[in-house]
Amino acid sequence: MAKNLVIVESPAKVKTIKKFLGSNYEVMASNGHLRDLPKSTMGVDIANDYEPKYITIRGKGEKLAELKRHAKNANKVFLATDPDREGEAISWHLMNAMKLDPKKTYRISFNEITKEAVRASLKNPREIDMDLVDAQQARRILDRIVGYSISPLLWSKVKGKLSAGRVQSVALRMLCDREKEINDFIPKEYWDMDVVLKNGAKSFEASFYGKKGKKIEIGKKEELDKIVSEINGSSFVVSEVKTGTRTRKAPVPFTTSTMQQEASKTLNFATQKTMRVAQQLYEGVDIKGRGTIGLITYLRTDSTRISDQAKAQAKDYIEQEFGSEYTRKEASEKKTNGKIQDAHEAIRPTDITITPDSVKSQLPRDQFRLYQLVWKRFVASQMDNTTYETIGVKISANDYLFNTSTSRVTFDGFMKVYTDDDNKKISTDKTVAKLEKGQELEFVEFNENQHFTQPPARYTEAALVKAMEEQGIGRPSTYAPTIGTITGRHYATKEKKNLFVTELGEAVDNVMETAFPQIVDTQFTANMESLLDAVGNGEMKWKDIIRNFYPDLEAQVKEADEKLEKIHIADEESDEICSECGRTMVIKYGPYGKFLACPGFPECRNTMPYMQKVGIACPQCGKDLVLKRTKRGRIFYGCIDYNNCDFMSWNKPIEQKCPECGKYMVEKGNKIACSDPECGYVEEKKKEK
């Protein structure tokens, strides 16, 4: 048996790390936590100063015994769980559950799973950081007493199988607040006006600004008509041409939240998918010629800091690939504030020389796309800024002013490898660039447009993560699970990326806001996160937080139980009729998702699979098309009458028929195409307003 035992969390890491160590090391996985609070009870001894009652998790006894057996025969045991509070707590639980000898037990951690990082950690072992363990215990116990105190109240006042959570309830409150803003919003009319002018043979547009240097907002058509009447017949003369330079700073490397936001925007990944794929890249993938290696650094971080070694490697790579003028003296890093722990580096590739193109053929599509995003963002963060030459032009007409501008990239800098939506909005108009002061221009026409102010947009998953981070709610490891709980409990549904609060979600939020205003208060939750940080920094005892929190919560629960009335939430009706009793069937939620049930239960126990209709008739038989999934989870579209009609399509059919052959058309990204590949007809998809 090997002389030394290394214990990691995930089996995927075992394969990666084993290749870095010699035969003197045995690497095993704990498969996450082995000990936790019991599920059947709160597991916190309130009378005994909030002492937690940890037990071995059901089904983990065999794993614990196996680890004990190997540890008994090892000279040294290295606890190599993740480099965060949760990982520190897992190591502490392992040490206690396995009854490890402190004299031969060491804690090691690494931000990336590479040969150099793992071997360096073995040379610099340390003791378990009890401040980090206590911070995790405080969070775990806070969340447990909130959930186990309030959830039974929701069961009795709303309906069964509901849950409340310290962070999830605040996130739900944010969704409900946004819904209220949208419902209360009153649109206001406004107009904008562009003038089309000619400079020789070429035309361009200039936007209305105001009069005599003062900006004018046009609220009504009458105001616009008055301005047009005063301008009509006037000469349009270039009154000012102003040149300047503009710098666009290189982006900072990814944190957990910015990676989730960018992956949602550019890759259409849900937050949980982003974290799942990032975990795979972190734990290790097989790369030809290199073996199994972790491609990115640790994925749960709110820091933009980069190690000196990574900066130096990036500088050498950028000089070699693009030239020394593309490197920057100072890496693009954001100043930390009180809400940022800065415990780890930003998310970056472990080796910048492993380019996305070099591993494309060896990675599944999702892994490649996310790795490419992380790689490009990191490389860009270590490159120089992009600079522009800007030209701003003011055009006068009877004391009224119109503005137009253009720009020209003088040095592409970081945009050599990375562009985002803001970079794509830069205007380049050669006609405007040739205008000179005093030049008279030919009037072509006015373009007048009526608008109405829009309500704030509903949160997407990415936007909610951003808002939570800005307000200090939750931490990198909690964003995705929090949103997953909200949607999993059906407090909110997702439609075209937007999160909509359900009637159930509103009912739960009303209970929380009425009975527990402190828990759903964003400032209170942010302050609680700061207190947890203080515990992690050794500035506060973890039980002090619980002692100050629980008595108020207990009193609020008792008061709510006495005063709150029961809320009735009606099940959502479907358009299906029960074949046994004729009632309209309702949508229910089970462990495997939605299903249809007769509301006459228990007299009538009829159930049916839930078919999500897509609003399109089956091209083959004319009945409804429904969205389905294969056993591996891939989406396809099939006929609701699948017993008699075998129609199916991997792409979503649309009502429009092919103008060339008359067959049905399907959506393919931003295009629509004929379903018959031999026809080959394709056209651009019209953008939804």
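This text follows the structure it describes.
Keep in mind it's a predicted model, so treat the numbers as computed, not measured.

(A) Up close: the packing of helix α8 (residues 256–267) against helix α15 (residues 461–470). Put simply, α8 and α15 touch, their axes get as near as 8 Å, and they point 160° apart. Taken together, the axes of α8 and α15 lie roughly antiparallel to each other. Where α8 crosses over α15, the handedness of that crossing is left-handed. For the pair formed by α8 and α15, the contact residues are Ser257, Gln260, Gln261 and Ser264 on the first element and Ala462, Val465, Lys466 and Glu469 on the second.

(B) Representation of the packing of aromatic side chains within the structure. Counted according to the given criterion, the structure contains 17 aromatic pairs. Connected via pairs of aromatic rings, a cluster forms that spans Phe208, Phe236, Tyr400, Phe402, Phe443 and Phe446. The ring of Trp92 carries Arg35 above its face, with NZ or CZ at 5.8 Å from the centroid. The residue whose ring lies beneath Lys221 is Trp191, and the NZ or CZ to ring-centre distance is 5.7 Å.

(C) Summary view of the packing of helix α6 (residues 168–184) against helix α16 (residues 479–488). Between α6 and α16, the shortest axis-to-axis distance is 9 Å and the interhelical angle comes to 65°. As far as their axial angle goes, α16 and α6 are roughly perpendicular. When you trace α6 past α16, the crossing you get is right-handed. Where α6 approaches α16, its residues Gln168, Ala171, Leu172 and Leu175 are matched on the opposing element by Thr482, Thr485 and Ile486. Of the residues that constitute the contact of α6 with α16, the class distribution is 4 nonpolar, 3 polar and no charged.

(D) Inspection of the sheet that holds strand β25 (residues 624–629) at higher detail. The antiparallel open sheet is built from 4 strands, whose spatial order is β24-β25-β26-β27. Both outer strands of the open sheet, β24 (612–617) and β27 (648–649), are each paired with one neighbouring strand and no more. For β25 and strand β26 (residues 635–639), the ladder comprises 5 bridges, and the chain directions are antiparallel. Bridging from a neighbouring strand, Arg629 pairs with Ile635 of β26.

(E) Fine view of the sheet that holds strand β2 (residues 25–29). The strand order across the open sheet built from 4 strands is β2-β1-β7-β8, with neighbouring strands paired in parallel fashion. Here the strands that pair on one side only, and so sit at the sheet edges, are β2 and β8 (105–107). When strand polarity is set aside, the average angle formed by the axes of neighbouring strands in this sheet is 20°. Taken strand by strand, helix α2 (residues 61–72) contacts β1 (4–8), β2 and β7 (76–79), and its axis lies near 165° from that of β2. Contacts from helix α3 (residues 85–97) reach β1, β7 and β8 within the one sheet, and its direction differs from that of β8 by about 175°.

The rules behind these values
Residues numbered from 1 in each chain as written. Predicted model: local features only at pLDDT ≥ 70, side-chain atom pairs only at ≥ 80, totals over all residues. Heavy atoms only, no water. Axes fitted to C-alpha atoms, helices over the stretch in contact; angles between N-to-C directions. Helix = DSSP H or I, 4+ residues; strand = E, 2+ residues; numbered from the N terminus. Parallel < 35°, antiparallel > 145°, perpendicular 65-115°, else oblique. Left-handed = near helix turned anticlockwise from the far one by under 90°. Contact = heavy atoms within 4.5 Å. Phe/Tyr/Trp six-rings, centres within 6.5 Å; stacked < 30°, edge-to-face > 60°. Lys NZ or Arg CZ within 6 Å of the ring centre and 35° of its normal. Nonpolar A, V, L, I, M, F, W, Y, C, P; charged D, E, K, R; others polar. Pairing = 2+ DSSP bridges.

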